[in-house]
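# A closer look at the structure
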Amino acid sequence: MDGVKLLSSEQNSVVVGFYGKISSNNSQAVDEELAKLRSDNPQGSLVFDFEKLEYISSAGLRALLKASKNEHNQKIKIINVSLEVYEILEMTGFNQMFEVHKVMRRFFMEGLELIGGGTNGEVYRVDKENIIKLFKEDTSFEVIDRERNLAKQALIEGIPTAISFDVVQVEERYGIMFELIDADSLSTTLKNKPKEYDSYVDKYIDLIKKIHSIKGDSDKFINIKSVYYDAIDYSKDYYTKEELLKLRNLVDSVPDTGTLIHGDYHPNNIMVQDGELILIDMGDMTLGHPMFDFLATAATQVNLVNLNPEYAEFHTKMPADLITKTWRRLIDGYFEDKSEEERKRIEEQICIFSKLKVALCPYFGRGVTPEILQASIDDAKQNFLPLIDDLIGAVDW
């Protein structure tokens, strides 16, 4: 079959597959079919999948150009481009007009060593220098590629993180190739090296200060508020319309500072290599007020410890008393220029505000047990929603 057909239509993207040869013989039909597919699926960004494309002529390239002009200056992403087709795109300059990704490297489970895992998928060792972070089957290519781009951009911004390479395919799933950080996590280091605890906690504090000192590019990082708006919409089955509006108004009220935010900053998302800290799990990197980073951290290091110490220990890989001690040091060190009274006020504000993350457990806690989910919702309704009116506009640091 020569031509195009719709592969998937989701909220954020529409993927169209190209097949066989696109030339003057069928370029008009391709042009018309692309226009129809886009008219029927106007949402999100347009992605062309060239995995099955063998050849494209100048007439086919003209069809691409026409489709591009209808995207309002947004670059169309072209994925799975063979070396032969890529040469055509490169010679004609189309690799600069479109976001072009060469065909993905493919791997098989056999021969890969499982070395870790989490809620998003697993981590496999490829060789002595590389790993694959393999995502669950229902994770879209766009989400995975976004995390790769965020890790790359964070490194450019000067944040120490693992070097990311390309998106790869392992059988029917997608993953990201990263350099192998052959080291312990910060949580393991803090737990197993008590004599070096103070030194590493100081580095932990300095790293989050560094992140929050960087003004990010809004063209490369999304605003954290949009993530929370999505989370509120996702949680609509658990709250009344009035409760959802309260949650949204609270998010709206936080000042926009445009600083970088990791989004899940805790010691188990940091590796220690030759005494230096290296951030991992960059998929939640966004822009916004530092409050959003602290509420994410407090959600596990304060609220989750109080709600379910065993799950907090599982999540952070540290005993509860060490989690609490590290949180105390983080607050005192980050706000060292504040008075003790002011630090206490800000900490109380963060801890209450962090229940927003607990309240949105249906979104942020996807994969948790039904018991944890229900406990989070109950806690939010009893101990958080009644306090929101007093929190709106209260963030002043």
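Residues take numbers from 1 onward in each chain, read along the sequence in its written order. Per-residue local features are limited, in this predicted model, to residues with pLDDT of at least 70; the limit for side-chain atom pairs, both in listing and counting, is 80 or more; totals at the level of whole chains, interfaces and linings are taken over all residues. Side-chain metrics in this entry use all non-hydrogen atoms of the structure; hydrogen atoms and water are not considered.

### Quick word on the overall build of the chain
Along the backbone of the chain there are 17 helices and 16 strands. Rg of the C-alpha trace for the chain: 23 Å, near the compact-globule value of 21 Å for 397 residues, within the 12% margin. With the principal axes as the frame, the chain shows a C-alpha extent of 75 × 50 × 40 Å. Note on contacts: a residue pair qualifies if any of its non-hydrogen atoms lie within 4.5 Å across the two residues. Counting only contacts in the chain whose residues sit at least 6 apart along the sequence, the fraction spanning at least 24 positions is 69%. The accessible surface values rely on the Shrake-Rupley method and a 1.4 Å probe; as for residues, cover is taken only from the protein chains in view. If you sum the accessible surface of the chain, you get close to 19,600 Å²; carbon and sulfur atoms cover 48% of it. The charge count includes Lys and Arg as positive and Asp and Glu as negative, but it does not include His or the ends of the chains. To locate a charge, the coordinates of NZ of Lys, CZ of Arg, CG of Asp or CD of Glu are taken. Within the chain, one finds 46 positive and 67 negative side-chain charges whose respective centroids are separated by 2 Å. Think of it this way: any DSSP run of H or I at least four residues long counts as a helix, any run of E at least two long counts as a strand, and we number them from the N terminus. Only C-alpha atoms enter the radius of gyration; for comparison, a globular chain is expected to reach 2.2 Å times N to the power 0.38, where N is the number of residues.

### What about the pattern of salt bridges?
What makes a salt bridge here is a side-chain nitrogen of Lys or Arg within 4 Å of a carboxyl oxygen of Asp or Glu, nothing more. Summed over the entire model, instances satisfying the criterion amount to 24 salt bridges. A salt bridge links Arg106 to Glu51, with the nearest nitrogen and oxygen atoms 2.4 Å apart. Here Glu51 lies in strand E3 (residues 45-56) and Arg106 lies in strand E6 (residues 106-107), a separation of 55 residues in the sequence. Summary of the burial criterion: residues with accessible area below 20% of their type's maximum are buried, those above 50% are exposed, and those between are partly exposed, where the area comes from a 1.4 Å probe applied to protein chains only. A relative accessible area of 42% places Arg106 in the partly exposed class. With its nearest N and O atoms 2.8 Å apart, the salt bridge here joins Arg329 to Asp198.

### Notes on helix H13 (residues 340-353)
Turn by turn, an α-helix covers 3.6 residues, leaving residues three or four places apart pointing in a common direction. Given the number of residues in a helix, its expected span is that number minus one, multiplied by 1.5 Å. Taking 1.5 Å of rise per residue, the 14 residues of H13 would be expected to cover 20 Å, and the 20 Å separating its terminal C-alpha atoms lies within 8% of that figure. Turning to H13, its buried residues are Arg343, Ile346, Glu347, Gln349, Ile350, Cys351 and Phe353. On its buried face, H13 sits against helix H9 (241-253), helix H10 (291-307), helix H12 (320-334), helix H14 (355-359) and helix H17 (388-391).

### Some remarks on the confidence of the model for the chain
Per-residue confidence for the chain gives a mean pLDDT of 91; residues scoring 70 or more make up 100%. The pLDDT value tells you how sure the predictor is about a given residue, anywhere from 0 up to 100. By mean pLDDT, helix H11 (residues 309-316) is the weakest element of the chain at 80, and helix H7 (residues 197-212) is the strongest at 97.

### Some thoughts on the sheet that holds strand E14 (residues 270-273)
With antiparallel pairing, 3 strands are arranged side by side in an open sheet as E12-E14-E15. Since the sheet does not close on itself, it has two edges, and those belong to strand E12 (184-185) and strand E15 (276-279), each with one partner. At least two bridges found by DSSP between two strands are what make those strands a pair. In terms of strand pairing, E12 meets E14 through 2 bridges, oriented antiparallel. Within E14, the position partnered with Asp184 by the bridge is Val272. The strands touched by H7 are E14 and E15; relative to E15, the strand with the most contacts, the crossing angle is about 45°. Lines are fitted to the C-alpha atoms to define the axes, a helix being fitted only along its stretch in contact, and any angle between axes, read from their N-to-C directions, falls within 0 to 180 degrees.

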